[in-house]
Amino acid sequence: MNYTTDQDALVERCRKGDKQAFYEVYHRYAKLMLNSSMRILNNPADAADMVQESFAIAFDRLETFTYKSSFKGWLIRIVINKSLELLRKRKKMQWVDVDLTDIEQEVEAGSPHDEYMFTNEQVKTAIDRLPENYRIIFNLYAVDNVSQDEIAKMLNISYSNVRTIYHRAKNKIKECLQNEYR
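Cut-offs and rules
- Here the residue numbering is sequential within each chain, running from 1 through the sequence in written order.
- With pLDDT at 70 or above as the cut-off, local features in this predicted model cover only qualifying residues; side-chain atom pairs require 80 or more to be listed or tallied, and sums for whole chains, interfaces and linings still use all residues.
- Hydrogens and water are ignored here; the side-chain numbers use all heavy atoms of the structure.
- Whenever a carboxyl oxygen of Asp or Glu lies within 4 Å of a side-chain nitrogen of Lys or Arg, that contact is scored as a salt bridge.
- Secondary structure elements follow DSSP: runs of H or I no shorter than four residues count as helices, runs of E no shorter than two count as strands, and numbering proceeds from the N terminus.
- A 1.4 Å probe rolled over the protein chains alone gives each residue an accessible area, and that area as a share of the maximum for its type sets the label: buried under 20%, exposed over 50%, partly exposed in between.
- Here the aromatic set is Phe, Tyr and Trp, taking the six-membered ring for Trp, and pairing holds for ring centres within 6.5 Å; pairs whose planes are under 30 degrees apart are stacked, those over 60 apart are edge-to-face, and all others are tilted.
- Axis definition: a line fit to C-alpha positions, over the contact stretch in the case of helices; interaxial angles, taken between N-to-C directions, run 0 to 180 degrees.
- Roughly parallel here means an angle under 35 degrees, roughly antiparallel means over 145, roughly perpendicular means 65 to 115, and every remaining angle is called oblique.
- Any pair of residues with heavy atoms lying within 4.5 Å of one another is described as a contacting pair.
- Every residue is assigned a pLDDT by the predictor, reflecting its confidence on a scale from 0 to 100.

Things to note about the pattern of salt bridges
Taken as a whole and assessed by the stated rule, the structure comprises 12 salt bridges. For glutamate 12, the salt bridge identified is with arginine 15, shortest N-O distance 2.9 Å. Taken together, the residues span about one helical turn, with glutamate 12 and arginine 15 both in helix H1 (residues 6-15) at a distance of 3 residues. Accessibility expressed as a relative area gives 11% for glutamate 12, which makes it buried. Glutamate 132 is the salt-bridge partner of arginine 135, the closest N and O atoms lying 3.9 Å from each other. Placement of both arginine 135 and glutamate 132 in helix H7 (residues 132-143) is noted, with a separation of 3 residues, approximately one turn of the helix. Sharing partners across several salt bridges, the network here consists of Glu53, Lys82, Glu85 and Lys89.

Some thoughts on the packing of aromatic side chains
This structure, assessed with the given rule, holds 10 aromatic pairs. Ring centres 6.0 Å apart and planes at 70° place the aromatic pair tyrosine 29 and phenylalanine 71 in the edge-to-face group. With tyrosine 29 in helix H2 (residues 19-41) and phenylalanine 71 in helix H4 (residues 71-90), the pair connects residues that are 42 residues apart, well separated along the chain. Its relative accessible area of 5% is what places tyrosine 29 among the buried residues. Residue phenylalanine 71 is classed as buried on the basis of its relative accessible area, which comes to 1%. A centroid spacing of 5.6 Å and a plane angle of 15° characterise the contact between phenylalanine 138 and tyrosine 166, whose relative ring orientation is stacked. One end of the pair, phenylalanine 138, is in helix H7; the other, tyrosine 166, is in helix H9 (residues 159-180), with 28 residues separating them in the sequence. Of the two residues, phenylalanine 138 and tyrosine 166, both sit in the buried class. A network of ring pairs unites the aromatic residues Tyr29, Phe65, Tyr67, Phe71 and Trp74 as a single cluster.

Considerations on unusual backbone geometry
With phi around 60°, asparagine 42 is a residue other than glycine that occupies positive phi space. Tracing the backbone through its elements, the reader meets asparagine 42 in the loop between H2 and helix H3 (44-60). Backbone geometry at asparagine 156 places phi at a positive 60°, although glycine is not the residue there. Here asparagine 156 shows up in the loop between helix H8 (148-155) and H9. Residue classification places asparagine 156 among the exposed residues on the basis of a relative accessible area of 70%.

Structural notes on the packing of H4 against H7
Packed helix pairs are specified by the crossing angle of their axes together with the interaxial distance, meaning the distance between the axes. At their nearest, the axes of H4 and H7 sit 13 Å apart, and the two run at 175° to each other. Taken together, the axis directions place H4 and H7 in an arrangement best described as roughly antiparallel. Contacts from Ile80, Leu84 and Leu87 of H4 reach H7 at Glu132, Ile136 and Leu140.

Observations concerning the confidence of the model for the protein
Confidence in the prediction of the protein, expressed as mean pLDDT, is 84, and 83% of residues score 70 or more. Ranking the helices and strands of the protein by mean pLDDT puts H3 first, with 96, and helix H5 (residues 101-109) last, with 42. Note that pLDDT drops below 50 for residues 96-114; the model gives that stretch 21 contacts with residues more than four away or on any other chain.

In structure tokens, the structure reads:
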């Protein structure tokens, strides 16, 4: 077979049981997966556990990977789903449906020229201060590049609710940064 990328060749080596390939996959993607899990769980031990479980699942289900998406994206989706599953088990997350007109009113009220420069650490701190549901949706969409439609399906909430929460999270981050670091 002619592989289109180094990543595809690595996946095929894993499918054939090459232990070195498993090791390479782990070291190539573990940190990325840990970061994605941490943004959801906000707990290093839980995030590390979810990464381990996610790799076990991925390696066990390697035959189901079809190259329709990137292998990296497939791994990230597994760790995101495992992390969300853990959150659901621990805290039955409550999602409140919101009216989409709220976004339109907030957008009209906002000023397009309220831009400031902030450090990555300041932005991370502001994100960490968000309510859990805001933080999860913001990170899934803005950092992990999960579509809003996919987030709605993952969290079993409406698309408009995801859109509204994301918009409000952005506004809360902006407000926090402006209030703390002016």
